[in-house]
Amino acid sequence: MNPSSRHAILILIAEFALVFSTTMAAEPIPFKVPPGFVVEKVAGPPLVQHPMFACFDDRGRLFVSDSGGKNLKAEDLLKELPSCIRVLEDTKGDGVFDKSSIFADKMSFPMGCLWHDGAVYVCSPPSLWRLRDTKGTGVADERVELVTKFGFIGNAADIHGPWLGPDGRLYWTDGRHGHEIKKPDGTIQTKGKAARIFRSKIDGSEVEVICGGGMDDPVQMAFTEEGEPFAVVDIFEARPTRMDALIYCIDGGVFPYYEAVLGEFKRTGPLLPAISELGWVAPSGLIRYRGTAFGSKYTDNLFSTQFNTHKIVRHILERDGASFKSKDEDFITSDNPDFHPTSLLEDADGSLLVIDTGGWFRIGCPQSQVAKPEIKGGIYRVRKKDAPKVDDPRGNEIPWKRMQLRDIATLLDDPRLTVRDRAVQELSRWRDGNAIKTVFDVAQNGATPRARLNAVWALGRIGTDASLELVADALKDRDASVRQVAARVLGLHRHGLAAGKLQGCWLDISAAVRREALIALARIGAELDSLGSVLSESGDTFLTHAAILALIESARPNIARQYLKSRSLIGSAGSTGPPRAALIALDQMD
């Protein structure tokens, strides 16, 4: 090619880039933000077509589950595999993505995207997958099917996720299309037709059901700092009218509405209620806002996307005994019927990415009965006008590989959320006694509750007998959130040696700590005594659930029978009472 031809081609490329960037910037924003906030479009065609979910890696690259824009049945999705995972890059550092490539093609329906420790995890029916670029080419050359098999019909009421819990485990949701998961030896580990919330280790082992019920489709999840999981649910109730919901996914919980599948679960009494009833809105995304850029009143709020009503709703959570209550208010609204937000993502600087999938999906939304694949989606960034600039928000300038343990431990309460997360992950890689002792010193003597709390999470991820024994000591921490996390970690690992210390938590002033201790004892299957005072507490549905669950899982009918004599079978109005709890436990014990 001669120099003049090369020059002409370069001019054409530059003109195209200018037209593309100007067009994207000039496009009207399809929604309204509250006063004091600003929004810009940061990705659209041709970088993405119909984005659904996304995650950042350590470098700030954005991995996006991009739909093929086709409404197909399951068998056709598996034949065509029309969707993909794209990776977007911001090469100019201005917050707008300008480069796109395909990380993994030929996927059925990728309804999630998680980056963790060098790999992308995604739920794409019928399985949960791990995708890895082992050659550094930007393309996933390794695909591992971690957990399978989940039923699906192609209507998006299938498996979603996964998400990484603060405990270092994978969490995902599954709609009411059935599943059958087998162990490596071929025996069935869990099977059923009901909707469920699942958890496993990072490698897909130790799959377990957290909760479930007759609900149609639990979708996206979020977690409190103490590890309590939440989910938004499509069709939580169907009578007298359809109602979607925000739920607290407590261990062993059973939720409405489809009676035919409720027999698959052990029951502790009435079906558990929602934290917030949302109406027929088709919620699809959920996050906990962890940063401070929006202002302190937004920190720890949940935000959900509502596909039907073209909204993003803010959920202001408040602890209510052993559960929660929520005050809900609109955060983002839209008059555009083709604006369909599917998920949200908090960037490291505290800005919020809103993902709009466009007009292709036509199932389940009364306002979207006609597919409009020609209406492409986009990704938008919402900022607070006066938000301060965050230096090195991802901690990429920190010399992680050369740092001593105590230096890493000082970052457990760093103001940058991604730095805190990485500090927990880096500390959890160490297994020797000195390292565990160093982390425990922070757990015991850290200046702030958050530093001690994150140190307990790190000890839990290490997961050795030595580290868990130190976690048990954190049950005496002066802060309730640390005690709560310690109880949760011990239960997660079924650390039976801590049963005695956990029973002492029944007298804790915090109902959340008492609840976590009871759930931990249920997982351990410990012998229980002195439960009468907890079982007598009326009005706290979730605490009573945890106590009866512990009684059921203890599998000791002689203990349950003792409570039959402890007080009147009738009891006060609304009170479960020890006798009623004992009858439920005896009925549900294996």
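Note that the structure is a prediction, hence the values are computed from the model and not measured. The residue numbers shown here count from 1 along each chain, following its written sequence. In keeping with the predicted nature of the model, local features appear solely for residues at pLDDT of at least 70, side-chain atom pairs appear and are counted solely at 80 or more, and the whole-chain, interface and lining totals rest on all residues. Side-chain numbers here rest on the full set of heavy atoms in the structure, without hydrogens or water.

1. Details of the overall build of the chain
Point 1. For the chain, the count of helices and strands is 14 helices and 27 strands.
Point 2. What you see for the chain is a C-alpha radius of gyration of 25 Å, in line with the 25 Å of a compact globule of 590 residues.
Point 3. Summarising its shape, the C-alpha atoms of the chain cover approximately 95 × 60 × 55 Å along the three principal directions.
Point 4. Burial status follows relative accessibility: with a 1.4 Å probe on protein chains alone, a residue under 20% of its type maximum counts as buried, one over 50% as exposed, and anything between as partly exposed. Scored against the burial criterion, the 590 residues of the chain give a buried share of 57%.
Point 5. By the convention used here, residues are in contact when the closest approach between their heavy atoms is within 4.5 Å. Once local pairs closer than 6 in sequence are excluded, the contacts in the chain between residues at least 24 apart make up 60%.
Point 6. Counting rule for charge: Lys and Arg are taken as positive, Asp and Glu as negative, and neither His nor the chain ends is counted. A charge is said to be at NZ when it belongs to Lys, at CZ for Arg, at CG for Asp and at CD for Glu. Computed over 73 positive and 77 negative side-chain charges, the inter-centroid distance for the chain is 1 Å. In this text, helices come from DSSP runs of H or I with a minimum length of four residues, and strands from runs of E with a minimum of two, each type numbered from the N-terminal end. Throughout, radius of gyration means the C-alpha value; the globule benchmark is 2.2 Å times the number of residues raised to the power 0.38.

2. What to know about helix α5 (residues 433–445)
Point 1. Taking 1.5 Å of rise per residue, 13 residues should cover 18 Å, and α5 covers 18 Å from first to last C-alpha, within 8% of that figure.
Point 2. Residues of α5 that are buried include every one of A435, I436, T438, V439, F440, D441, V442 and A443, and no others.
Point 3. The secondary structure elements touched by the buried residues of α5 are α3 (405–409), α4 (417–427), α6 (449–462) and α7 (465–473). Every helix has an expected span of 1.5 Å times one less than the residues it contains.

3. Brief notes about the sheet that holds strand β10 (residues 159–164)
Point 1. We treat two strands as partners when DSSP finds at least two bridges between them. Across the sheet, five strands lie side by side as β10-β11-β14-β15-β19; this open sheet has mixed pairing. Whereas interior strands pair on both sides, the edge strands pair on one side only; in this sheet they are β10 and β19 (254–256). Each strand of the sheet is rotated relative to its neighbour by a mean of 15°, with strand direction disregarded.
Point 2. Pairing analysis gives four bridges linking β10 to strand β11 (residues 170–174), with the strands arranged antiparallel. Residue I159 lies in a different strand from β11, and its bridge partner there is D174. Here an angle of 0 to 180 degrees is reported between the N-to-C directions of two axes, which are lines fitted to C-alpha atoms, with helices fitted over the stretch in contact.

4. Digging into the confidence of the model for the chain
Point 1. Confidence scores labelled pLDDT are given residue by residue by the predictor and lie between 0 and 100. For the chain, mean pLDDT is 90; residues scoring 70 or higher make up 92% of the total.
Point 2. Under a pLDDT of 50 for its full length, residues 7–25 has, in the predicted model, nine contacts with residues more than four places off or in other chains.
Point 3. Under a pLDDT of 50 for its full length, residues 568–574 has, in the predicted model, five contacts with residues more than four places off or in other chains.

5. Brief notes about the packing of aromatic side chains
Point 1. Classification of ring pairs rests on two measures: the distance between centres of Phe, Tyr or Trp rings, Trp counted by its six-membered ring, which must be within 6.5 Å, and the angle between planes, read as stacked under 30 degrees, edge-to-face over 60 and tilted in between. By the definition in use, this model includes 27 aromatic pairs.
Point 2. Ring geometry for F150 and W172: centres 6.4 Å apart, planes at 90°, overall edge-to-face. Taken together, the residues span a long stretch of sequence, with F150 in the loop between β9 (142–148) and β10 and W172 in strand β11 at a distance of 22 residues. Across this residue pair, the class does not change: F150 and W172 are buried.
Point 3. Seen from their ring centres, Y248 and F324 are 5.5 Å apart, and the 80° between their planes marks the pair as edge-to-face. Of this pair, Y248 sits in strand β18 (residues 243–248) while F324 sits in strand β24 (residues 323–332), and the two are 76 residues apart along the sequence.
Point 4. With relative accessibility at 7%, the residue F324 sits in the buried group.
Point 5. Each member of the aromatic cluster is reached from another via a ring pair, and the members are F37, Y289, F294, Y298, F303 and F331.

6. Quick word on the nonpolar core
Note that soluble globular proteins tend to have their nonpolar side chains buried in a common cluster.
Point 1. Formed by 104 residues in total, the largest nonpolar core has its most connected members in I247, L412, V456, L459, L502, L518 and L531.
Point 2. If you tally residues by element for this core, the top one is helix α12 (residues 541–554), at nine residues.
Point 3. Those residues within four positions of L518 in sequence are excluded, and the remaining contacts are W506, L531, V534, L543, A546, A547 and A550. We call a set of buried Ala, Val, Leu, Ile, Met, Phe, Trp, Tyr and Cys residues a nonpolar core when their side-chain atoms join them within 4.5 Å.

7. Focus: the pattern of salt bridges
Point 1. What makes a salt bridge here is a side-chain nitrogen of Lys or Arg within 4 Å of a carboxyl oxygen of Asp or Glu, nothing more. Overall, the coordinates contain 49 salt bridges when judged by the stated rule.
Point 2. For R383, the salt bridge identified is with D349, shortest N-O distance 3.0 Å. One end of the pair, R383, is in strand β27 (residues 378–384); the other, D349, is in the loop between β25 (341–346) and β26 (352–356), with 34 residues separating them in the sequence.
Point 3. Owing to a relative accessible area of 29%, R383 belongs among the partly exposed residues under this scheme.
Point 4. What makes D349 partly exposed here is its relative accessible area of 23%.
Point 5. A salt bridge links R429 to E426, with the nearest nitrogen and oxygen atoms 3.5 Å apart.
Point 6. What you see here is one network of salt bridges that share partners, running through E226, E228, R319, R488, R515 and E516.

8. Observations concerning unusual backbone geometry
Point 1. Residue P46 is reached from P45 by a cis peptide bond, and omega for that bond is 5°.
Point 2. When you line up the elements, P46 lands in the loop between β1 (37–43) and β2 (51–56).
Point 3. Geometrically, the link from G161 to P162 is a cis peptide bond, its omega value of 5° lying close to zero.
Point 4. Inspection of the secondary structure assignment puts P162 in strand β10.
Point 5. Residues other than glycine seldom take positive phi values, yet D300 does so here, at roughly 75°.

9. Examining the state of the cysteines
Note: disulfide means a covalent bond formed between the sulfur atoms of two cysteine side chains.
Point 1. When the sulfur atoms of two cysteines come within 2.5 Å, that pair is taken as a disulfide. One pass over the structure, following the stated rule, counts zero disulfides.
Point 2. Here C211 is not disulfide-linked; the sulfur of C249 is the nearest cysteine sulfur, at 4.4 Å.
Point 3. Relative accessible area serves as the criterion here: at 1%, C211 is assigned to the buried category.

10. Re the sheet that holds strand β7 (residues 119–124)
Point 1. Here we have four strands laid out as an open sheet, ordered β6-β7-β8-β9, and antiparallel in their pairing. A strand with exactly one partner marks an edge of an open sheet, and here the two such strands are β6 (114–116) and β9. Taken over all neighbouring pairs, the strand axes of this sheet differ in orientation by 25° on average, direction set aside.
Point 2. Here β6 pairs with β7 via three bridges, running antiparallel. Residue pairing across strands places H116 opposite A119, the latter belonging to β7.

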